[in-house]
Amino acid sequence: MRGKATETVDDAEEMLTEESFKAAALAQRGACAGSWHSSEAAPKQVPVRGSEGLYMVNGPPSFTESAAFQRDSGKNCKAVAFSKDGSLFAWCNGEKCPCWADDESICARNVNNEVHFFENNNFNTIANKLHLQKVSDFVLSPGAQPTKVAVYVPGSKGAPSFVRLYQYPNFGGPQSALANKSFFKADKVTMLWNKKATAVLVVASTEVDKSGASYYGEQTLHYVAASGESAVVQLPKNGPIYDVAWSPNSVEFCAVYGFMPAKATVFNLKCDPVFDFGTGPRNAAYYSPHGHILVLAGFGNLRGQMEVWDVKNYKLISKPVASDSTYFAWCPDGEHIVTATCAPRLRVGNGYKIWHYTGSVLHAYEVPADEEMWQVFWQPFLDGVFPERAVRYQAVPSQLPRAEPQPAQAYRPPALRNRPATSSKLHEDEPPQNMKPQLGGCDKPLSKTALKNQRKHEAKKAAKQEAKADAHQGPAQIKTPQNALQNTIPAMTTGDPEVDKKIKNLKKKLKAIEQLKEQAAAGKQLEKNQVEKIQKEAALLKELEDLELGV
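All figures in this text were calculated on a predicted structure; none of them were measured in a lab.

S.K.: Outline unusual backbone geometry, supporting the account with residue identities and numerical values.
M.R.: Cis geometry marks the peptide bond from Tyr168 to Pro169; its omega dihedral reads 0 degrees. Residue placement: Pro169 occurs in the loop between strand E12 (161-167) and strand E13 (179-183). Omega for the peptide link from Ala343 to Pro344 comes to 10 degrees, which places this bond in the cis form. Inspection of the secondary structure assignment puts Pro344 in the loop between strand E27 (336-341) and strand E28 (351-356). Positioned with a positive phi, Asn121 is a non-glycine residue whose angle comes to about 60 degrees. If you trace the backbone, Asn121 turns up in the loop between strand E8 (114-119) and strand E9 (128-131). For Asn121, a relative accessible area of 29% translates into the label partly exposed.

S.K.: Report on the sheet that holds strand E7 (residues 106-111), specifying residues and quantitative values.
M.R.: With respect to topology, four strands assemble into an open sheet ordered E6-E7-E8-E9, the strand pairing being antiparallel. Across the chains shown, the open sheet's two edge strands, defined by having one partner strand only, are strand E6 (99-100) and E9. When E6 meets E7, the two strands line up antiparallel, connected through two bridges. Each residue of the ladder has a partner; that of Cys99, found in E7, is Ala108.

S.K.: Which residues make up the pairing of strand E11 (residues 148-153), and what values go with them?
M.R.: Summarising burial for E11: six of the six residues are buried, a large majority. Residue alternation in E11 divides its side chains into two sets, Lys148, Ala150 and Tyr152 and Val149, Val151 and Val153, and both sets are buried.

S.K.: Tell me about the packing of helix H3 (residues 497-521) against helix H4 (residues 528-535), residues and numbers included.
M.R.: Orientation of H3 relative to H4, taken along the N-to-C sense of each, is 120 degrees, at an axis distance of 9 Å. Classified by the interaxial angle, the pair formed by H3 and H4 is oblique. The element H3 and its partner H4 pack so that their crossing is left-handed. Touching Ile513, Leu516 and Lys517 of H3 are Gln530, Lys533 and Ile534, all from H4. Residues of the contact of H3 with H4, tallied by class, amount to three nonpolar, one polar and two charged.

S.K.: How would you sum up the environment of Phe69? Please name residues and give values.
M.R.: Relative to the helices and strands, Phe69 resides in the loop between strand E3 (53-58) and strand E4 (79-82). The exposure class of Phe69 is buried, given its relative accessible area of 4%. For the pair Phe69 and Tyr55, spaced 14 residues apart in the sequence, the C-alpha separation amounts to 7.0 Å.

S.K.: Please set out H3 residue by residue, giving values where relevant.
M.R.: Spanning 25 residues, H3 covers 36 Å between terminal C-alpha atoms, matching the ideal 36 Å at 1.5 Å per step. For H3, the set of buried residues is Val499, Ile503, Leu506, Lys507, Leu510, Ile513, Leu516, Lys517 and Ala520. One or two steps after H3, the chain reaches Gly523, where phi turns positive at roughly 100 degrees.

S.K.: Could you give me a rundown of H4, with the residues and numbers involved?
M.R.: Within H4 the residues assigned to the buried category are Gln530, Val531 and Ile534. Looking straight down H4, one finds that the buried residues subtend no more than 100 degrees of arc, so they occupy a single side.

S.K.: Give a detailed account of the confidence of the model for the chain, specifying residues and quantitative values.
M.R.: Mean pLDDT over the chain: 78, with 73% of residues reaching 70 or higher. Note on residues 5-33: pLDDT under 50 across the span, and 57 contacts to partners over four residues away in sequence or across chains. Taken as a whole, residues 472-492 scores under 50 in pLDDT and shows nine contacts with residues more than four places along the chain or in a different chain.

S.K.: Tell me about the sheet that holds strand E26 (residues 327-330), and name the residues and values.
M.R.: Reading across the sheet, the four strands line up as E26-E27-E28-E29 and stay open at both edges, with antiparallel pairing between neighbours. Two strands in the sheet have a free side with no partner beyond their single neighbour: E26 and strand E29 (361-366). Geometrically, the sheet is characterised by an average inter-axis angle of 10 degrees between neighbouring strands, direction not taken into account. Where E26 meets E27, four bridges bridge the pair, whose relative direction is antiparallel. Within the sheet, the bridge partner assigned to Ala329 lies in E27 and is Val338.

S.K.: Mind laying out the pattern of salt bridges, listing which residues take part and the relevant values?
M.R.: What the rule picks out here adds up to ten salt bridges. Here the salt bridges share partners, and the residues they tie into one network are Lys263, Asp276 and Glu430.

About the cut-offs
- Residues numbered from 1 in each chain as written.
- Predicted model: local features only at pLDDT ≥ 70, side-chain atom pairs only at ≥ 80, totals over all residues.
- Heavy atoms only, no water.
- Helix = DSSP H or I, 4+ residues; strand = E, 2+ residues; numbered from the N terminus.
- Buried < 20%, exposed > 50% of the residue type's maximum accessible area, 1.4 Å probe, protein only.
- Pairing = 2+ DSSP bridges.
- Axes fitted to C-alpha atoms, helices over the stretch in contact; angles between N-to-C directions.
- Parallel < 35°, antiparallel > 145°, perpendicular 65-115°, else oblique.
- Left-handed = near helix turned anticlockwise from the far one by under 90°.
- Contact = heavy atoms within 4.5 Å.
- Nonpolar A, V, L, I, M, F, W, Y, C, P; charged D, E, K, R; others polar.
- Expected span 1.5 Å × (residues − 1).
- Arc of directions from axis to C-beta.
- pLDDT = per-residue confidence, 0-100.
- Salt bridge = Lys/Arg side-chain N within 4 Å of Asp/Glu carboxyl O.

Have a look at this one:
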């Protein structure tokens, strides 16, 4: 799912044989290509994997290569891992390993409609089996025992897909499931446990949106609690779900969703909105390890904008920009962040930066032009090692100059290059707003019907605003002004009649597409040519932006 810009190892997906499974288990324990023991007094470490080999860099404040870890200069390392407490580090040849519980007492893998469980790393005996017809995925819960497991079974022949929660090893009988959530419209799912293992978020996705409203397919967000409760999370803006993230407090989660500019909203365990961050260029959400800070970011095909929020007071801290980033991660101390540009996602401009969340760049490294960087990440630490610190809003000092993003310069026709620039937006950003009911108020969550009517009303309002804007611009172009010298060139023209004509035609096409999308949202079945028109929207918007931005 995640529109989150992270690089992952392209591991082999074939089924492991029993012998290779045991070998992979040993590899996970640090017994394959190599293992390294970290001293408790060692500083925070950042492993770096690339064409230069595998090495470690000390974290703040030194940022020097670690002398405690001997660099592996080979180029065949495809997988690395820390143990949960950060004391062990292993690297191997990239062969896929199975799934362990956090305390490593239980290991599980999916084998032909069954999930096999092994205990205490004894892989000679299958301790327990969970059998479900056509089970395709499972996720073990984090934290201490008892371990819970969420399993997904895709629908077939008109039957719905479903996700069930179990507590290990209680798998027998029809009443053994802790919770069950069934749903249609799911080709695949992503299941996300919260930290306390009390609930799972399920993002169900289809490859194709049959309404034609989106070429991303269609996504829905479901909530399933271990207590048996379940719900569909109502998202007030149509469009894809880019990212979902649990707060470490396990009682709230953030969803980033909707056609660009995307909305971001924090929900509670009743699936009621708590705070709406408005709209912006973002497709990912990252909570700090302590849960007191949230970063909303726009990576991938976006420009790397980040919004750093204090989520206890819902106050914006900073808005740094990490252009071309393919990776983001919080340091376990909750104070620092690493962003990186890695191959193979991007093969030029590889490197990484270490930030303070207030927006200061503390360290930056660029890989030589003929080299690549494949991976960089923080050494993990157990909870409680780093206490939560008070949130600060003033940027911390740095020896590096503060990176100020340079705005992209749009093309300006020669006739306008000596004139003051004006701006034009295709979409008006929505401001953040607190969604909690005020004291003494009687606000209640909207019903499904009310939400649907609200969406229709917002769509109609947006269409009216666009029509009003067009009507306002139209007379300015056709009216004969009294002062011809001051109004030779209307305010919203480029000075190039051909460009003006193209802009007018593009706006006309985009307005027609918006009307088609409203019809699709209202449930109308669109014709094939109408669906094809909607699919061209992104290209038309880009073309319009190139012509109009900066006019």
